[in-house]
Amino acid sequence: MADNIIIRVQSPDGMKKIPATKRETVAAFIKKVGNEFGFNSNGFSIYLNRNKTGEILSQNKTLSLLKIKHGDMLYLFPSGSPSSSAEVMDTATPHSSSSMPSVSSSSSSSSSSMIPRSFSAPQVQEDEIDQYLTKQDGKIYRNKDPQLCHHGSLGKCVHCVPLEPFDEDYLNHLDPPVKHMSFHAYLRKLTGGADKGKFAALENISCKIKSGCEGHPPWPEGICTKCQPSAITLNRQKYRHVDNIMFENHTIADRFLDFWRKTGSQRMGYLYGRYTEHKDIPLGIRAEVAAIYEPPQNATQNSLELVDDPKAAAVDEIAAKLGLCKVGWIFTDLLSEDTRIGTVRYTRNNDSHYLSAEECITAGYFQNLHSNPCRLSRDGHFGSKFVTVVATGGPDNQVHFEGYQVSNQCMALVRDECLLPCKDAPELGYAKESSPEQYVPDVFFKDTDKFGNDVTFLARPLPVEYLIIDITTTFPKDPQYTFCSTQRFPIENREILGETQDFHSLATYLSQCTSTAFLDIVSDFHLLLFLVTNEVMPLRDSIGLLLDAVRTSNEDLAQTWKKSEQWATIEQLCSTVGGQPSSSQGYGAMGGPSAPASSSAMWSCLHCTFMNQPGTEHCEMCSLPRG
């Protein structure tokens, strides 16, 4: 019995205790370790030390000859693992490490929760801006202080040494002060220091019961500490995934606001653009907005309701071919104060709210749909770059654009359906209570009582200020134009204003364009959407060359596509319907005078766009009047 010993073997998946004997050969012991961890004989290496020194090779010597004693710790590294042991060992969070003794080799769900960061998501393709910022130095370089620095030109001291991108004192002294460090600065803070982030891990919060627990009946009959989600204490997030929102020019915002100006109803749209580096903040990210797409919706003065959009996939596809992506959403909350001078009411402030609970839930829903790919997370994603912009009245009673995101904690509460809005208090949310259908973990937040003490409260109700991250929204001094057309093609889904996207509108648009460059004429986001999604002559499969021309601003490519059969058909349709149906002296799509809107020409139905024969007053397809 004295020959029996237990050897501890530490691997990236955790630590296991391997029974052995002093007289057991090294080859037999290594085979036993491989069976225990699920490796073949050539799939791993074992070392005496954590820094990969003292490799134990398969041989016929006994363990006692190698001076391996009872209770010793050996270190296992899979083949092809990173060279730095600090990146593979002890990467589990304190919570997961505390449950290690209960992990068995047959429990795939438990072992997968302790996969180290470096092995978590090797196939994740991060966004281009994330790949770019990962390679940057990120440090804040300072010049030599003539009063405090007393060293040579090549020396450095505490007054001029470069600062880390997450230096809070530096961020607080910027003008204006920065409350949230950038996400990549936060990653540098996690992975910096002597341990190089070996104890850090990006964990997505889960509010659901873990599946696969067989020691008791399922909820609501039973629950245990292994499958029960942890309670959540809400904290103000110290970082943000996007540090600035910039509209390329004022025209984008003005056209969006025109709907409210003409109807008094609120409006919602999706922001399409790109993510670039924001140089005002160390390792910052900026969301640049190039266009706004307005989906089908039912709007009133006080409410917005989105309806199913059959064109959503086509819009995303066109945007991707133009080098754009969906970066956020925007909605209006405007109430006119004085129509004579164009002022609006200042309703969102410290005394009311900045985002209502319902808006936070909607923002969380969108952020969960557009999660941020991240190789440092075991799930392959962490947080979101999707932003929220509110067009509302400011302190000067003018229209202001305010940018926000909700925290990762809010995203988790929304994803797992644990957060509800309060009916009579828009600034308050409410954490659901557990029911037989759903277990909801306790949600807490900390606040100061009337005596100045920090007190923990149950989030029923919950001030949504704990969930909000504000983002600066700006317009550039020098306007930028991804779409350079000077004319305005009608915006989609605005039939209530009498603005329709049909071939009458296209003919009128083409007749009004004064530019001789074909690229300038077609460089309009809403026009390109119409060309792809219209029901009379959809060009989804043949417009790729034109989209490439717009994306690269290549007039030669645009001219090549102009000579195609598809564009010739579009021109013929436009010349047939006429450029200005409501005017007898308009100009046709080809630049010449258009024929009067009489019964001698084919006409397009305003309701279904069907091309009808001359001399008819009702549409042959939908039977509606000619209008």
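Residues numbered from 1 in each chain as written. Predicted model: local features only at pLDDT ≥ 70, side-chain atom pairs only at ≥ 80, totals over all residues. Heavy atoms only, no water.

- The name given to the protein in an unreviewed UniProt entry is Nuclear protein localization protein 4 homolog, with Perca flavescens as the source organism.
- UniProt's Sequence similarities (unreviewed entry) comment on the protein is quoted here verbatim: "Belongs to the NPL4 family."
- According to UniProt, the comment filed for the protein under the heading Pathway (unreviewed entry) is "Protein degradation; proteasomal ubiquitin-dependent pathway." (UniProt positions renumbered as here; feature names shortened; annotations may be inferred.)

1. A closer look at the sheet that holds strand β10 (residues 268–278)
At step 1: The seven strands lie next to each other as β9-β11-β10-β14-β19-β20-β26, forming a closed barrel whose pairing is mixed. Direction aside, the axes of adjacent strands within the sheet are offset by 35° on average.
At step 2: By the bridge criterion, six bridges tie strand β14 (residues 325–333) to strand β19 (residues 387–393) in an arrangement that is parallel. Looking across to β19, one finds that Asp333 is bridged to Thr392.
At step 3: Sheet strands touched by helix α7 (residues 250–263): β9 (244–247), β10, β11 (284–293), β14, β19 and β20 (399–406). Its angle to β11, the strand with the most contacts, is close to 45°. (Pairing = 2+ DSSP bridges. Helix = DSSP H or I, 4+ residues; strand = E, 2+ residues; numbered from the N terminus. Axes fitted to C-alpha atoms, helices over the stretch in contact; angles between N-to-C directions. Contact = heavy atoms within 4.5 Å.)

2. Here's the deal with the packing of helix α8 (residues 312–321) against helix α13 (residues 525–533)
Pairs of packed helices are described in terms of their axes, by the angle between the two and the distance that separates them.
At step 1: Closest axis-to-axis distance for the α8/α13 pair is 10 Å, and the angle between their directions is 125°. In terms of orientation, α8 lies oblique with respect to α13. Relative to α13, the crossing made by α8 is right-handed. Residues Ala314, Val315 and Ile318 of α8 pack against Phe525, Leu528, Leu529, Val532 and Thr533 of α13.
At step 2: For the contact of α8 with α13, a count of residues per class yields seven nonpolar, one polar and no charged. (Parallel < 35°, antiparallel > 145°, perpendicular 65-115°, else oblique. Left-handed = near helix turned anticlockwise from the far one by under 90°. Nonpolar A, V, L, I, M, F, W, Y, C, P; charged D, E, K, R; others polar.)

3. Thoughts on the packing of helix α9 (residues 357–369) against helix α10 (residues 408–415)
At step 1: Relative orientation of the contacting elements α9 and α10 amounts to 90°, with a least axis distance of 8 Å. It follows from the interaxial angle that α9 and α10 lie roughly perpendicular. Each of Cys360, Ile361, Gly364, Tyr365, Gln367 and Asn368 in α9 lies in contact with α10, whose residues at this interface are Cys410, Met411, Val414 and Arg415.
At step 2: For the contact of α9 with α10, the per-class residue count stands at six nonpolar, three polar and one charged.

4. A short note on the side chain of His241
At step 1: Structurally, the position occupied by His241 is in the loop between β8 (239–240) and β9.
At step 2: Filtering out sequence-adjacent residues up to four positions away, His241 remains in contact with Phe183, Ile285, Asn372, Phe382, Gly383, Ser384, Lys385, Gln405 and Asn408.

5. Notes on the packing of aromatic side chains
Aromatic ring pairs: the centre-centre distance and the angle between the two ring planes describe each pair.
At step 1: A full pass over the atoms with the stated rule returns 23 aromatic pairs.
At step 2: Between Phe483 and Phe525, the aromatic rings sit 5.5 Å apart at their centres with planes inclined by 50°, giving tilted as the arrangement. Separated by 42 residues along the polypeptide, Phe483 in the loop between β26 (468–474) and α11 (503–512) and Phe525 in helix α13 bring together distant segments of the chain. Grouping residues by exposure puts Phe483 and Phe525 together as buried.
At step 3: Measuring from centroid to centroid gives 5.6 Å for Phe489 and Phe530, while their planes differ by 40°, and the two rings are tilted. Here the residue Phe489 occupies a position in the loop between β26 and α11, and Phe530 occupies one in helix α13, the gap between them amounting to 41 residues.
At step 4: Under the relative-accessibility criterion, Phe530 is labelled buried at 4%.
At step 5: Among the aromatic residues, ring-to-ring pairing joins Tyr270, Trp329, Phe331, Tyr365, Phe366 and Phe386 into one connected group. (Phe/Tyr/Trp six-rings, centres within 6.5 Å; stacked < 30°, edge-to-face > 60°. Buried < 20%, exposed > 50% of the residue type's maximum accessible area, 1.4 Å probe, protein only.)

6. Examining the side chain of His278
At step 1: Position of His278 relative to the elements: it lies in strand β10.
At step 2: Among all residues touching His278, those that are not within four sequence positions of it are Asp243, Asn244, Gly284, Ile285 and Arg286.

7. Quick notes on α11
At step 1: Counting buried residues in α11 gives nine out of ten residues, a clear majority hidden from the surface.
At step 2: Within the sequence span of α11, burial applies to Phe503, His504, Ser505, Leu506, Ala507, Thr508, Tyr509, Leu510 and Ser511.
At step 3: Check the buried side of α11 and you find it contacts α12 (518–522), α13, α16 (565–577) and β27 (603–604).
At step 4: Between the side-chain oxygen at the start of α11 and the backbone nitrogen of His504 there is a gap of 3.2 Å, and the oxygen is on Asp502. (Polar contact = N/O pair within 3.5 Å; in protein donor to acceptor, adjacent residues only side chain to side chain.)

8. Overview of the sheet that holds strand β5 (residues 73–78)
At step 1: The five strands are arranged β2-β1-β5-β3-β4 in an open sheet whose pairing can be described as mixed. At either margin of the open sheet sits one strand with a lone partner, and together these are β2 (14–21) and β4 (55–56).
At step 2: Examined bridge by bridge, strand β1 (residues 4–11) and β2 share eight bridges and lie antiparallel to one another. Bridge assignment links Asn4 to a residue of β2, and that residue is Thr21.
At step 3: Of the strands in this sheet, β1, β2, β3 (44–47), β4 and β5 are in contact with helix α1 (residues 26–37), which crosses β2 at around 145°.

9. Quick notes on the pattern of salt bridges
At step 1: Inspection of the entire model under this criterion finds 26 salt bridges.
At step 2: Lys179 is the partner of Asp470 in a salt bridge, and the nearest nitrogen-oxygen pair spans 3.3 Å. Here Asp470, found in strand β26, pairs with Lys179, found in the loop between α5 (168–172) and β6 (181–182); they are 291 residues apart in sequence, far enough to count as distant.
At step 3: Classification of Lys179 by relative accessible area gives exposed; the value is 63%.
At step 4: Residues Glu359 and Arg348 are paired through a salt bridge, measuring 2.6 Å at the closest nitrogen-oxygen approach. Of the two residues, Glu359 sits in helix α9 while Arg348 sits in the loop between β16 (343–344) and α9, which places them eleven residues apart along the sequence. For the pair shown, Glu359 and Arg348 are each scored as buried. (Salt bridge = Lys/Arg side-chain N within 4 Å of Asp/Glu carboxyl O.)

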